[in-house]
Amino acid sequence: MVALSLKPRHGYEIIQQVETDSLSKMHLGPATLYSTLQKLLDAELIEELPAAESSDRRRYYQLTAAGLSALRADVEYYAHIADVSAGRLTKGWTQA
Amino acid sequence: MKHQTFLKAYKTCLSLYPKVFRHRYAEQMYLTAEDLLADARTPAEVIHVAGWLVGDTGIGLVREHSKRLGGNNMGKQAKNTISKRRTALLVLRALWVSIMVVLLLMPIPSVISLPFGQRYVDVLVDFVPLVTLGLSFWIIAQVPNIGWWKLVVRSILLATVGVVGYIVFIYMVDQLWSFYHTYTRFAVLQYAYDSSVAGLYLLGFYVVSTKLVRRFGFVSKRFTLASK
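Keep in mind the model is a prediction, meaning the values are calculated, not measured. (Residues numbered from 1 in each chain as written. Chains lettered and ligands numbered in written order. Predicted model: local features only at pLDDT ≥ 70, side-chain atom pairs only at ≥ 80, totals over all residues. Heavy atoms only, no water.)

Peer 1: Report on the packing of helix H1 (residues 4-14) of chain B against helix H2 (residues 19-39) of chain B, specifying residues and quantitative values.
Peer 2: The description of two helices packed together rests on the angle between their axes and the distance between the axes. Residue and element names in this part refer to chain B. Two elements in contact, H1 and H2, have axes separated by 10 Å at closest approach and are oriented at 155 degrees. Relative to H2, the element H1 is oriented roughly antiparallel. In the packing of H1 onto H2, the handedness of the crossing is right-handed. For the pair formed by H1 and H2, the contact residues are Phe6, Leu7, Tyr10, Lys11 and Leu14 on the first element and Arg22, Ala26, Met29, Tyr30, Ala33, Glu34 and Leu37 on the second. A per-class count over the contact of H1 with H2 returns 9 nonpolar, no polar and 3 charged. (Axes fitted to C-alpha atoms, helices over the stretch in contact; angles between N-to-C directions. Helix = DSSP H or I, 4+ residues; strand = E, 2+ residues; numbered from the N terminus. Parallel < 35°, antiparallel > 145°, perpendicular 65-115°, else oblique. Left-handed = near helix turned anticlockwise from the far one by under 90°. Contact = heavy atoms within 4.5 Å. Nonpolar A, V, L, I, M, F, W, Y, C, P; charged D, E, K, R; others polar.)

Peer 1: Explain the packing of aromatic side chains residue by residue, including any values.
Peer 2: Summed over the entire model, instances satisfying the criterion amount to 5 aromatic pairs over all chains. Ring plane angle 40 degrees and centroid distance 5.5 Å describe the contact between Tyr34 of chain A and Tyr25 of chain B, whose orientation is recorded as tilted. Taken together, the residues Tyr34 of chain A in helix H2 (residues 30-42) and Tyr25 of chain B in helix H2 connect one chain to another. The pair formed by Tyr34 of chain A and Tyr25 of chain B is uniform in burial state, with each residue classed as buried. On the basis of an interplanar angle of 25 degrees and a centroid distance of 5.2 Å, the ring pair of Tyr17 of chain B and Phe21 of chain B is categorised as stacked. We note that Tyr17 of chain B, like Phe21 of chain B, is buried. Chaining the aromatic ring pairs together yields one cluster made of Tyr34 of chain A together with Tyr17, Phe21 and Tyr25 of chain B. (Phe/Tyr/Trp six-rings, centres within 6.5 Å; stacked < 30°, edge-to-face > 60°. Buried < 20%, exposed > 50% of the residue type's maximum accessible area, 1.4 Å probe, protein only.)

Peer 1: Run through a nonpolar patch on the surface, naming residues and quoting values.
Peer 2: Together, Tyr77, Tyr78 and Ile81 of chain A make up a nonpolar patch on the protein surface, roughly 330 Å² of accessible area in all. Under the relative-accessibility criterion, Tyr77 of chain A is labelled partly exposed at 47%. (Patch = residues over 30% accessible without salt bridge, like charges linked within 9 Å, V, L, I, M, F, W, Y side chains within 5 Å. Areas by Shrake-Rupley, 256 points an atom, 1.4 Å probe, with all protein chains shown as cover. Salt bridge = Lys/Arg side-chain N within 4 Å of Asp/Glu carboxyl O.)

Peer 1: An account of the interface of chain B and chain A is requested, with residue identities and associated values reported.
Peer 2: Listed by partner, the interface residues are 27 residues for chain B and 20 residues for chain A. Counting the surface lost from both chain B and chain A, the interface buries some 2,000 Å², and carbon and sulfur atoms represent 51% of this. With its nearest N and O atoms 2.5 Å apart, the salt bridge here joins Glu27 of chain B to Arg57 of chain A. Contributions of two or more residues to the side of chain B that touches chain A are made by H2 and helix H3 (43-69) of chain B. Here the side of chain B that touches chain A gets 13 residues from one element, more than from any other, and that element is H2 of chain B. (Buried area = accessible area lost by both parts, 1.4 Å probe.)

Peer 1: Tell me about the environment of Tyr61 of chain A, residues and numbers included.
Peer 2: Structurally, Tyr61 of chain A is set in strand E2 (residues 61-63). Sequence separation between Tyr61 of chain A and Gly11 of chain A is 50 residues, and the spatial gap between their C-alpha atoms is 8.3 Å.

Peer 1: Can you tell me about unusual backbone geometry, naming the residues and giving the values?
Peer 2: Backbone geometry follows two general trends: most residues other than glycine have a negative phi, and most peptide bonds adopt the trans configuration. Residue and element names in this part refer to chain A. One non-glycine residue with positive phi stands out, namely Ser24, at about 65 degrees. As for its placement among the helices and strands, Ser24 is situated in the loop between helix H1 (11-21) and H2. We classify Ser24 as partly exposed; its relative accessible area is 44%. Unlike most non-glycine residues, Glu44 shows phi in positive territory, near 60 degrees. You can see Glu44 is positioned in the loop between H2 and strand E1 (46-48).

Peer 1: Pulling in residues and values, what's your account of the pattern of salt bridges?
Peer 2: Per the stated rule, a full pass over the model turns up 3 salt bridges over all chains. Across the pair Arg58 of chain A and Asp35 of chain B runs a salt bridge whose closest N-O atoms are separated by 2.7 Å. Here the residue Arg58 of chain A occupies a position in the loop between E1 and E2, and Asp35 of chain B occupies one in helix H2, the pair thus bridging two chains. The class of Arg58 of chain A is partly exposed, set by a relative accessible area of 22%. Asp35 of chain B gets classed as buried once you look at its relative accessible area, which sits at 15%.

Peer 1: Which residues make up the side chain of Glu64 of chain B, and what are the values?
Peer 2: Checked against the element boundaries, Glu64 of chain B lands in helix H3. Residue Glu64 of chain B is classed as buried on the basis of its relative accessible area, which comes to 5%. At a separation of 2.9 Å, a polar atom in the side chain of Glu64 of chain B contacts the side chain of Ser35 of chain A. Excluding residues within four positions of it along the chain, Glu64 of chain B makes contact with Ser35 of chain A together with Tyr17, Pro18 and Phe21 of chain B. (Polar contact = N/O pair within 3.5 Å; in protein donor to acceptor, adjacent residues only side chain to side chain.)

And the structure:
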């Protein structure tokens, strides 16, 4: 979902973006990617754009409004976890 | 286009995905794999990407089929079609296995002395269950696509091809083996041999009929990759 937050992307672009965003720690394969996209489509968190009239046969996916809200909520949650973790590391685990 | 051999193999792997998922994503997965391979610069990278794709696809196949078996399908209609087909196959396979078990447990003299003769026992054991299996595939697959009369005509034609082919095949095998005098003198082995030869033909018939169904029948909307 983070990979789709800036603009609609097709499968290969999503894979590349995930790799970049995760500092090359996450490598998605097509099977994993499309299985995940299927779940997100079912949950209506993303949507498939209508096929373009150009010769490009790739399908593009973009976040829906619900997807954007869910992403914001997730980011806030992980930001909170990161804050808590950083605070504990600074103070020391026993004092937190 | 580079990596054609691998991409052909990959395309074949994609055809193993459940129908609904395949229709929806196989072409996109293929295009993505094509991009990934095109992006690999060195032979080592190509091998790495290819190996990764194979692993990813294998896991994906298990995952999607597990979902399908678990009832997490992408459409009620598709679920019903798959369910009907699976039920028919299970029943027919159970029938075939039951008959085979009964026949194998029967003493050979009893089998041969059945009132309708050994050749008919072969037909009963091999032909009926397997051809019925193939025909059931055909009928279940065709119902949504064509009218009933066309279905009946096609089924009769298919059955005729099966019967005639079976007779011709057995006749040819008999002639060939009589000519070379290689028939075993032991009834048990002869019976086993006859059955396996007939079974081989019928297995071929079954495979071809199901392949035909896959090609022209209920998966006619299978993804097709436009030629590049």
